[in-house]
2 protein chains.
Amino acid sequence: MDTKLLVVDDDPNICEILKLYFENEGYNVKCANDGIEGINLFKIYEPSLVLLDIMMPKKDGWQVCREIREISSKPVIMITAKGEVFDKVLGLELGADDFIVKPFDMKELSARVKAVLRRYNAQVSVSDEEVVKYENIEISLQKYELKINGKAIDIPPKELELLYFLASNCNRVFTRDQLLDKVWGFDYLGDSRTVDVHVKRLREKLEGVSDKWSLKTVWGVGYKFDTVG
Amino acid sequence: MDTKLLVVDDDPNICEILKLYFENEGYNVKCANDGIEGINLFKIYEPSLVLLDIMMPKKDGWQVCREIREISSKPVIMITAKGEVFDKVLGLELGADDFIVKPFDMKELSARVKAVLRRYNAQVSVSDEEVVKYENIEISLQKYELKINGKAIDIPPKELELLYFLASNCNRVFTRDQLLDKVWGFDYLGDSRTVDVHVKRLREKLEGVSDKWSLKTVWGVGYKFDTVG
DNA sequence: AACGTTTATTCACATAATATTTATAAAATT
DNA sequence: AATTTTATAAATATTATGTGAATAAACGTT
């Protein structure tokens, strides 16, 4: 997991405890002690989720939430002290995703964090089809399936993604670095030989299947999904 | 758009999330936490549509629906918890326009709201079947029943729901997070390994039953109900 | 055409990521 | 209270992925 959390709370103890706890759960955590710092850190740290205390000096949680919403839709969980005047409606209008009342049980908070992240990640795209067809090959990201001559072929995710990317940009050459960027992600740290190996494995699966297309090496440059005509 | 919705539900969390969601869709939303408050708010707020939970303290959804019908013909969508005794006939007699079972998918609810509003403006009413058939398998949400080769198989609710969802979106891969969201509900707090275990139990019941379809694992992604052809 | 240089391919292995299974505990239902 | 269903946690099994080294191919230069 490489999920980044941002804790914004003026109480250093709470920050510390949350940091320790969530780091132990495998998250990456940074803390800010007031609203202004929180917003700044949000911009540079780019967390996946924000835990936001409401009662804070300088800039309160409401204000921080509002400003975050102006630049991002990342999930925000508001933290409110018991007895504090707490306007849920306002929170919802500002776009908070969930609430928890201090003092809270860490397990519950943790479960809520997970649930909110899940909800955020679970958006199912209905609209786009994400299928590439050419001649006797068909690649579907939605089904995560490769079909050759109508028959489904077992294929690992990364290989499918690589093939999909190349095929959906057919005849165009990509360098290994570009492919790492596009298929593996911009934050991927690794050797560009990795691409070669995946290409090799793809070729094993695809060899002799068609003379209308192939995975071509462009020497000194990279690879392309080559089609005739 | 300036369509007003009234949400009547004793669970504040559900209210909140519905409010947030539908406001984001451009509706105007108000919430009531029990039946009496619901009827009062109906009179002064004059919503275009009511989302009405059945199980509530003070006054239940049936009663609220009846009272609304005495003064208005505005559309009402009943919300019922799974497993709850749910009398569709009674609902229809009371004049409800549609039903949805908790936990529901927000997109689906949203679609139903839209549909009911459209119907209301066009003065037509339809009801849907909620059955999936494919080859020798038949899954009915209405009857909560799984039939294989025409024979009913005992199956727990959650398993049926999961199977139903996957089968009604066959060949499409869903991540565990998406499945938790769609089948367990957006407010579910829990682990995604849960999905695995349910899949396992489904497989026990379904194995060797057909070679036309199966519950497939898509490595690194999730699961799908796979069909040939 | 032969050489050295660069670049690509292949292979085998290690590691990391993920899925399955099992057992058990907790909830819910009857 | 007993039974069934559901959720959790841990152990095990499986698969994908990445790495580095060895090999092969392409290229440019002479």
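As a starting point, this report considers the structure included with it. (Residues numbered from 1 in each chain as written. Chains lettered and ligands numbered in written order. Predicted model: local features only at pLDDT ≥ 70, side-chain atom pairs only at ≥ 80, totals over all residues. Heavy atoms only, no water.)

Concerning the interface of chain B and chain A
(1) Moving on: In this assembly, 29 residues from chain B lie in contact with 25 residues from chain A.
(2) Moving on: Interface area for chain B against chain A, summed over the two sides, is near 2200 Å², with a carbon-plus-sulfur share of 55%.
(3) Moving on: Ranking the residues of chain B by area buried against chain A places Glu 16, Arg 172 and Leu 189 of chain B at the top, with a combined share of 25%.
(4) Moving on: Taking the shortest distance from any N to any O, the salt bridge between Glu 145 of chain A and Lys 224 of chain B comes out at 3.7 Å.
(5) Moving on: Linking chain B with chain A are 5 residue pairs in polar contact (both at pLDDT 80 or more).
(6) Moving on: Only helix H1 (12–24), helix H7 (176–184) and strand S12 (222–227) of chain B provide two or more residues apiece to the side of chain B that touches chain A.
(7) Moving on: Here the side of chain B that touches chain A takes 6 residues from H1 of chain B, the largest share from any one element.
(8) Moving on: Partitioning the side of chain B that touches chain A into residue classes produces 12 nonpolar, 6 polar and 11 charged. (Contact = heavy atoms within 4.5 Å. Buried area = accessible area lost by both parts, 1.4 Å probe. Salt bridge = Lys/Arg side-chain N within 4 Å of Asp/Glu carboxyl O. Polar contact = N/O pair within 3.5 Å; in protein donor to acceptor, adjacent residues only side chain to side chain. Helix = DSSP H or I, 4+ residues; strand = E, 2+ residues; numbered from the N terminus. Nonpolar A, V, L, I, M, F, W, Y, C, P; charged D, E, K, R; others polar.)

Focus: the protein's contact with DNA strand C
(1) Moving on: For DNA strand C, the set of nearby residues contains 24 residues, the closest of which are Asp 196, Thr 217 and Tyr 223 of chain A together with Thr 217 and Tyr 223 of chain B.
(2) Moving on: Take the atoms of DNA strand C that sit within 4 Å of the protein: sugar and phosphate atoms are 71% of them.
(3) Moving on: Within the side chain of Thr 217 of chain A, an N or O atom sits 2.4 Å from a phosphate oxygen of DNA strand C.
(4) Moving on: A distance of 2.9 Å separates a phosphate oxygen of DNA strand C from a polar atom in the side chain of Arg 176 of chain B. (Near = heavy atom within 4 Å.)

Re the sheet that holds strand S11 (residues 213–218) of chain A
Residue and element names in this part refer to chain A.
(1) Moving on: Here we have 3 strands laid out as an open sheet, ordered S10-S12-S11, and antiparallel in their pairing. Of all the strands in the sheet, the pair left with one neighbour each is strand S10 (174–175) and S11.
(2) Moving on: Relative to strand S12 (residues 222–227), S11 runs antiparallel, the two sharing 6 bridges. Each residue of the ladder has a partner; that of Leu 215, found in S12, is Phe 225.
(3) Moving on: Against the sheet, helix H6 (residues 157–168) contacts S10, S11 and S12, and its axis sits at roughly 60 degrees relative to S12. (Pairing = 2+ DSSP bridges. Axes fitted to C-alpha atoms, helices over the stretch in contact; angles between N-to-C directions.)

Observations concerning the sheet that holds strand S7 (residues 137–140) of chain A
All names here are of chain A.
(1) Moving on: Spatial strand order, S6-S7-S8-S9: 4 strands in an open sheet with antiparallel pairing. Edge strands, defined here as strands with exactly one partner in the open sheet, are strand S6 (131–134) and strand S9 (151–153). Neighbour-to-neighbour, the strand axes of the sheet open up by a mean angle of 20 degrees, direction not taken into account.
(2) Moving on: Direction of pairing for S7 relative to strand S8 (residues 145–148): antiparallel, over a ladder of 4 bridges. Counted as the bridge partner of Ser 140 is Glu 145 from S8.
(3) Moving on: Across the face of the sheet, H6 comes into contact with S6, S7 and S8 while running at roughly 115 degrees to S7.

Considerations on the packing of H6 of chain A against helix H8 (residues 193–206) of chain A
Residue and element names in this part refer to chain A.
(1) Moving on: It is at 10 Å that the axes of H6 and H8 come closest, and there the two elements cross at 85 degrees. Looking at the two axes, H6 sits roughly perpendicular to H8. Only His 198, Val 199, Arg 201, Leu 202, Lys 205 and Leu 206 of H8 make contact with H6, whose side of the interface consists of Lys 158, Glu 159, Leu 162 and Leu 163.
(2) Moving on: Residue composition of the contact of H6 with H8, grouped by class: 5 nonpolar, 1 polar and 4 charged. (Parallel < 35°, antiparallel > 145°, perpendicular 65-115°, else oblique.)

Some words on the state of the cysteines
(1) Moving on: This model, assessed by the stated rule, comprises 0 disulfides over all chains.
(2) Moving on: Cys 65 of chain A takes part in no disulfide bond, and the closest cysteine sulfur, belonging to Cys 15 of chain A, lies 17 Å away. (Disulfide = S-S within 2.5 Å.)

Looking at the protein's contact with DNA strand D
(1) Moving on: Close contacts around DNA strand D come from 24 residues, with Pro 156 and Arg 201 of chain A together with Pro 156, Lys 158 and Arg 201 of chain B the closest.
(2) Moving on: Note that a phosphate oxygen of DNA strand D is positioned 2.9 Å from one of the side-chain N or O atoms of Trp 184 of chain B.
(3) Moving on: Between a phosphate oxygen of DNA strand D and a side-chain N or O atom of His 198 of chain B, the distance comes to 3.0 Å.
(4) Moving on: Breaking the surface near DNA strand D down by element, the ones donating at least two residues are H6 and H8 of chain A together with helix H6 (157–168) and helix H8 (193–206) of chain B.
(5) Moving on: Within the surface near DNA strand D, the residues separate by chemical class into 12 nonpolar, 6 polar and 6 charged.

Thoughts on the packing of aromatic side chains
(1) Moving on: Tallied over the full model, the rule gives 9 aromatic pairs over all chains.
(2) Moving on: On the numbers, 5.6 Å between centres and 80 degrees between planes, the contact of Phe 22 of chain B with Tyr 27 of chain B is edge-to-face. As far as the burial class goes, Phe 22 of chain B and Tyr 27 of chain B line up, both buried.
(3) Moving on: An aromatic cluster is present here, built from Tyr 21, Phe 22 and Tyr 27 of chain A joined pairwise through their rings. (Phe/Tyr/Trp six-rings, centres within 6.5 Å; stacked < 30°, edge-to-face > 60°. Buried < 20%, exposed > 50% of the residue type's maximum accessible area, 1.4 Å probe, protein only.)

Considerations on the environment of Leu 180 of chain B
(1) Moving on: Residue placement: Leu 180 of chain B occurs in helix H7.
(2) Moving on: In sequence terms Leu 180 of chain B and Val 195 of chain B are 15 residues apart; their C-alpha atoms lie 7.3 Å from each other.
(3) Moving on: The contact partners of Leu 180 of chain B, leaving out residues within four places of it in the chain, are Arg 118 of chain A together with Gly 185, Tyr 188, Gly 190, Asp 191, Ser 192 and Val 195 of chain B.

Looking at the pairing of strand S2 (residues 28–32) of chain A
In the case of a regular strand, side chains alternate between the two sheet surfaces.
All names here are of chain A.
(1) Moving on: With 5 bridges joining them, strand S1 (residues 4–8) and S2 adopt parallel strand pairing. Directly across from Leu 6, in S2, lies its bridge partner Lys 30.
(2) Moving on: After leaving S1, the chain enters helix H1 (residues 12–24) and then returns to the sheet as S2, a path that is right-handed. (Right-handed = clockwise from strand over helix to strand, strands pointing away.)

Things to note about the packing of helix H2 (residues 35–45) of chain A against helix H3 (residues 61–71) of chain A
Residue and element names in this part refer to chain A.
(1) Moving on: Here H2 crosses H3 at 20 degrees, and the two axes come no closer than 10 Å. Considering their axes alone, H2 and H3 lie roughly parallel with respect to each other. The way H2 lies across H3 gives a crossing that is right-handed. Counted together, Gly 35, Ile 39, Phe 42 and Lys 43 of H2 and Val 64, Glu 67, Ile 68 and Ile 71 of H3 form the full contact between these two elements.
(2) Moving on: Considered class by class, the residues forming the contact of H2 with H3 number 5 nonpolar, 1 polar and 2 charged. (Left-handed = near helix turned anticlockwise from the far one by under 90°.)

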